[in-house]
Amino acid sequence: MPIADLGDRKLQYIRRGQGSPLLLIQGMAGHHAIWGEPFLSLLEQDYDLVAFDHRGIGQSDRADEPFTVAEMADDAAKLMAAVGWADARVLGISMGGMVAQELAVRHPDRLRTLTLGCTYAGPGGSLEGPGPLRMVEAMNTGDVATILRAGYEANLSPAFRADESRFKQFTDVSLSVRVPSPVI
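What you are looking at is a predicted structure, and each value in this text was computed from that prediction instead of being measured.

## Here we look at the packing of aromatic side chains
The final tally for this structure, using the stated rule, is 4 aromatic pairs. Taken together, a centroid distance of 5.9 Å and an interplanar angle of 20° make the contact between tryptophan 35 and phenylalanine 39 stacked. Classification of tryptophan 35 as buried rests on a relative accessible area of 9%. On the numbers, 5.0 Å between centres and 75° between planes, the contact of tyrosine 152 with phenylalanine 167 is edge-to-face.

## So, unusual backbone geometry
A positive phi is found at alanine 29, a non-glycine position, where the angle reads about 70°. As for its placement among the helices and strands, alanine 29 is situated in the loop between β3 (20–25) and α1 (37–43). For alanine 29, a relative accessible area of 32% corresponds to the partly exposed category. A positive phi is found at serine 94, a non-glycine position, where the angle reads about 55°. Mapped onto the elements, serine 94 comes out in the loop between β5 (88–93) and α3 (95–106). Taking relative accessible area as the criterion, serine 94 reaches 32% and is therefore assigned partly exposed.

## Details of the sheet that holds strand β6 (residues 111–117)
Reading across the sheet, the 6 strands line up as β1-β2-β4-β3-β5-β6 and stay open at both edges, with mixed pairing between neighbours. This sheet does not close on itself; its edge strands, each paired only once, are β1 (3–5) and β6. Ignoring which end each strand starts from, the neighbouring axes of this sheet average 30° apart. Note: β5 against β6, 6 bridges, orientation parallel. Bridge pairing in β6 places arginine 89 opposite threonine 113. Strands β1, β2 (10–16), β3, β4 (47–52) and β5 of the sheet are contacted by helix α2 (residues 69–82), whose axis makes an angle of about 145° with β3.

## Section: the side chain of histidine 32
Mapping histidine 32 onto the fold places it in the loop between β3 and α1. Contacts of histidine 32, omitting those with residues within four sequence positions, involve Met1, Ile14, Leu40, Ala51, Phe52, Asp53 and Val177.

## Topic: the nonpolar core
Counting residues in each nonpolar core, the largest one holds 23 residues, and the members touching the most others are Leu23, Ile25, Phe52, Leu79 and Leu103. Mapped by element, the contributors of at least two residues to this core are β2, β3, β4, α2, β5 and α3. Excluding anything up to four places from it in sequence, leucine 79 contacts Ala4, Leu6, Tyr13, Leu23, Val50 and Phe52.

## A look at the environment of arginine 62
Counting through the fold element by element, arginine 62 comes out in the loop between β4 and α2. Given a relative accessible area of 62%, arginine 62 falls into the exposed group. As a C-alpha pair, arginine 62 and lysine 10 span 52 residues in sequence and 9.0 Å in three-dimensional space.

Conventions and cut-offs
- Residues numbered from 1 in each chain as written.
- Predicted model: local features only at pLDDT ≥ 70, side-chain atom pairs only at ≥ 80, totals over all residues.
- Heavy atoms only, no water.
- Phe/Tyr/Trp six-rings, centres within 6.5 Å; stacked < 30°, edge-to-face > 60°.
- Buried < 20%, exposed > 50% of the residue type's maximum accessible area, 1.4 Å probe, protein only.
- Helix = DSSP H or I, 4+ residues; strand = E, 2+ residues; numbered from the N terminus.
- Pairing = 2+ DSSP bridges.
- Axes fitted to C-alpha atoms, helices over the stretch in contact; angles between N-to-C directions.
- Contact = heavy atoms within 4.5 Å.
- Core = buried A, V, L, I, M, F, W, Y, C linked by side-chain atoms within 4.5 Å.

Below you can see the structure in the form of structure tokens.
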């Protein structure tokens, strides 16, 4: 997988397809593979898509110092420049939606469209739903199996989870890229 040199850091990314540029911004503890092959295969038919790993995740540069969502938005803007895009359609989910909102505020000329999924917009909203709270509780245990089960239950619909064999696929994809606890 390619690594983009952003000057102050390097980020790993995948690039597929052709057409209009589309930047995919994953959420907290997410990585490029979490988007899933069926989804990426459909998108690459119409888009030149890039999905990347945030600082400290996968082969992206380590993240030893604290960083902000705004700094992550700057990373996304630099990545767009590194792949040769002046602007793009942007899709962010969960914390990636927060990064996408900051990207829109800090670099509005970089966005053709903004699509947000299951994210948070700041004051007036809440992160205290059962899914996020369960995930935080699970992460605090430090037990990988508990964390994976909480992530599976919080992020996937009951109808999808009805086939328990899908948990193994979720686990395999989730563990396919290094995501250190301190980064989360």
